[in-house]
Amino acid sequence: MRFNIFPPEGLKSIEPRFHVEPRAITKTIERELHKIPLAGLYPIDGNGTAIPVSILDIRQGLLVMKSEIKPEGGFTSLIGGHRIVVLCSDSGKLQFLASNLKLNDEGNLLCPLPADLILIQRRKEFRTLGPADDDLNFVLCLGAGQELLTKVIDISDHGILLDLRLGATEVEVGRYWHSGYFERLRLRSTTIDLEIKNVRPGTDIDRIRAGCELYEPKKLALKEFESTRSAIENARVQSRLNRWYLGASWHE
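The structure presented is a predicted model; accordingly, all values stated were derived computationally and were not measured.

S.K.: So what exactly am I meant to see when it comes to unusual backbone geometry here?
M.R.: Apart from glycine, the bulk of residues carry a negative phi angle, and the bulk of peptide bonds sit in the trans form. Positive phi is not limited to glycine here, since Asn 100 has a value of about 50°. Checked against the element boundaries, Asn 100 lands in the loop between strand S5 (92-98) and strand S6 (102-103). By relative accessible area, Asn 100 is classed as partly exposed at 37%. Phi angles above zero are rare outside glycine, and Leu 185 is one such case at about 55°.

S.K.: Where do I start with empty space enclosed by the protein in this structure?
M.R.: Vacant regions in the atomic arrangement are exposed by a probe of water-molecule size rolled over the atoms. Throughout the structure, instances matching the rule amount to 1 cavity of 30 Å³ or more. Contributing elements (two or more residues each) for the lining of the largest cavity: helix H1 (25-33) and S5. In terms of residue count, H1 provides more of the lining of the largest cavity than any other element does, 3 residues in total. For the lining of the largest cavity, a count of residues per class yields 7 nonpolar, no polar and 1 charged.

S.K.: What is the right way to read H1 from this model?
M.R.: Side chains of residues three or four places apart in an α-helix project in the same direction, reflecting 3.6 residues per turn. Buried within H1 are the following residues: Ile 25, Thr 28, Ile 29, Glu 32 and Leu 33. Along the axis of H1, the buried residues cluster in a sector spanning 150°; they form a single face. For H1, exposure combined with an orientation more than 90 degrees from the buried face picks out Lys 27 and Arg 31. Buried residues along H1 sit against strand S2 (51-59), strand S3 (62-66), strand S4 (83-89), S5 and strand S8 (117-120).

Calculation notes
Residues numbered from 1 in each chain as written. Predicted model: local features only at pLDDT ≥ 70, side-chain atom pairs only at ≥ 80, totals over all residues. Heavy atoms only, no water. Helix = DSSP H or I, 4+ residues; strand = E, 2+ residues; numbered from the N terminus. Buried < 20%, exposed > 50% of the residue type's maximum accessible area, 1.4 Å probe, protein only. 1 Å grid on protein atoms, 1.4 Å probe; cavity = no way out; pocket = protein on both sides within 12 Å on 5 of 7 lines; lining within 4 Å. Points joined across faces, edges and corners; volume = space filled by probe spheres on them. Nonpolar A, V, L, I, M, F, W, Y, C, P; charged D, E, K, R; others polar. Arc of directions from axis to C-beta. Contact = heavy atoms within 4.5 Å.

This is a description of form; function is not addressed.
The following block contains the structure:
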């Protein structure tokens with residue numbers, strides 16, 4: 001079984017606004033259950049290898065999880081212990097403490113619903129889905145003349161979610177990508193600097209996604225970035241998404 005699990009973030013680096021209101025914790029988790037999402041159980045210090053688990057259900061105030069991979073020492077070694085659960089979903093990166101773990105007769109892991117749930121959502125602006133245009137790429141400049149083509153999954157006025165080949169370059173939170181640009185056929189935008197804010201698995205096992213924010217954008221870069229998002233959204237509303245590029249200021 002192959003999987004991509006991403007490590008938890010340190011509590012000191014998490015902004016207060018990312019803590020879900022206690023009354024909304026159950027509903028927030030329930031929204032993910034229909035996908036039977038894959039998550040990772042991490043040691044309490046956040047270091048070490050994750051145990052991949054599928055989150056199955058909520059029963060009588062308990063979260064039900066199942067793993068196909070037996071941890072070192074077996075599942076009984078987890079009983080009574082505490083682990084950090086990390087789940088990357090379309091809505092962001094969920095993280096919480098699984099305390100007092102138990103094992104039921106079906107071999108599933110149980111823990112009480114968390115009292116504190118963190119949903120790390122970096123971008124507050126409205127997100128527009130990418131146009132699914134095979135000719136559109138966001139090009140990353142990796143140095144020494146190397147470039148990497150990535151796909152635009154969604155875009156807001158100050159952030160972008162990119163999809164790229166796993167292992168093509170180092171992808172980690174806090175890393176900067178300088179002098180990237182939008183490219184469509186022979187036309188390209190001005191250069192744009194990005195900072196990686198979150199990382200999650202792609203839809204395929206050989207893909208990875210990086211959520212980025214603009215890093216100290218110059219006036220022209222900000223204008224062209226906003227123009228790109230607006231062009232895609234307006235074209236979608238007008239049912240002419242295949243001609244979205246006509247509204248982008250750099251595509252002239």
